[in-house]
Amino acid sequence: MTEGARGDGRRMSSFPIAGDLAEMRRRTREFLAPAALDEFREMNFVLAVSEAANNVLDHAGTDGLVTLRYDDHRVVAEVRDEAGLLTDAGTGLVAPPTGARRGYGLWLMRQVCDAVEILHDPAGSTVRLTMLRP
């Protein structure tokens with residue numbers, strides 16, 4: 001895990017996505033503590049990061065990386081994989097059909113975060129999750 005704080009109020013941390021999502025959620029909560037999100041927004045952000053990391057484990061079949069950062073205005077998580085299979089920037093804009101067993105992750109992320117971006121380049125795919133700070 002790498003972590004850094006700057007004198008201007010910005011902070012960053014990154015760590016690999018491993019099979020232990022509980023540990024990843026703990027690290028995310030620990031990182032967010034000084035950002036002073038209210039409990040509900042923090043819980044939703046941790047849930048969204050966990051869903052994005054779980055998607056890497058379930059679908060990408062490659063290594064992944066979570067990078068967290070915040071400044072005075074927002075908290076951002078970038079969840080990146082090397083497979084690059086997620087290419088449609090509109091994925092998750094519409095809820096899955098009633099009764100679907102899968103496909104709720106990105107839709108859920110879009111419901112609980114202030115912004116969700118899906119980025120794709122030759123090196124892989126990134127889901128960028130943003131939560132505004134109070």
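1. Topic: the environment of H73
Its place among the elements puts H73 in the loop between strand 3 (64-70) and strand 4 (74-81). Apart from the residues within four sequence positions on either side, H73 is in contact with L132 and R133.

2. Brief notes about the pattern of salt bridges
Under the definition given, this model contains 10 salt bridges. D71 serves as the salt-bridge partner of R74, at 3.5 Å between the closest nitrogen and oxygen. Given a relative accessible area of 33%, R74 falls into the partly exposed group. For D71, a relative accessible area of 19% translates into the label buried. Residue R128 is joined to E117 by a salt bridge in which the shortest nitrogen-to-oxygen separation is 3.4 Å. With R128 in strand 6 (residues 124-132) and E117 in strand 5 (residues 115-121), this pair connects stretches of sequence that are 11 residues apart. Its relative accessible area of 22% is what places R128 among the partly exposed residues.

3. What to know about helix 3 (residues 105-112)
Taken together, the buried positions of helix 3 are occupied by G105, L106, M109, R110 and V112. Tucked inside the fold, the buried residues of helix 3 contact helix 2 (39-60), strand 5 and strand 6.

4. Focus: the side chain of S50
You can see S50 is positioned in helix 2. For S50, a relative accessible area of 8% gives the class buried. A polar side-chain atom of S50 sits 2.9 Å from a polar atom in the side chain of R25. If sequence neighbours within four positions are ignored, S50 has contacts with L21, M24 and R25.

5. Considering the packing of helix 2 against helix 3
Where helix 2 contacts helix 3, the two axes come as close as 9 Å, and the packing angle between them is 160°. Classified by the angle their axes make, helix 2 and helix 3 are roughly antiparallel. Taken as a pair, helix 2 and helix 3 cross one another with a handedness that is left-handed. Counting all contacts with helix 2, which are made through N44, L47, A48, E51, A52 and N55, the residues of helix 3 involved are G105, L106, L108, M109 and V112. Looking at the contact of helix 2 with helix 3 residue by residue, the class counts come to 7 nonpolar, 3 polar and 1 charged.

6. Details of the environment of Y104
Within the element layout of this structure, Y104 appears in the loop between strand 4 and helix 3. Judged by its relative accessible area of 35%, Y104 is partly exposed. Residues Y104 and E23, spaced 81 residues apart in sequence, show a C-alpha to C-alpha distance of 22 Å. In terms of polar contacts, Y104 uses its side chain to reach the backbone carbonyl oxygen of A100, at 3.3 Å.

The rules behind the values
- Residues numbered from 1 in each chain as written.
- Predicted model: local features only at pLDDT ≥ 70, side-chain atom pairs only at ≥ 80, totals over all residues.
- Heavy atoms only, no water.
- Helix = DSSP H or I, 4+ residues; strand = E, 2+ residues; numbered from the N terminus.
- Contact = heavy atoms within 4.5 Å.
- Salt bridge = Lys/Arg side-chain N within 4 Å of Asp/Glu carboxyl O.
- Buried < 20%, exposed > 50% of the residue type's maximum accessible area, 1.4 Å probe, protein only.
- Polar contact = N/O pair within 3.5 Å; in protein donor to acceptor, adjacent residues only side chain to side chain.
- Axes fitted to C-alpha atoms, helices over the stretch in contact; angles between N-to-C directions.
- Parallel < 35°, antiparallel > 145°, perpendicular 65-115°, else oblique.
- Left-handed = near helix turned anticlockwise from the far one by under 90°.
- Nonpolar A, V, L, I, M, F, W, Y, C, P; charged D, E, K, R; others polar.

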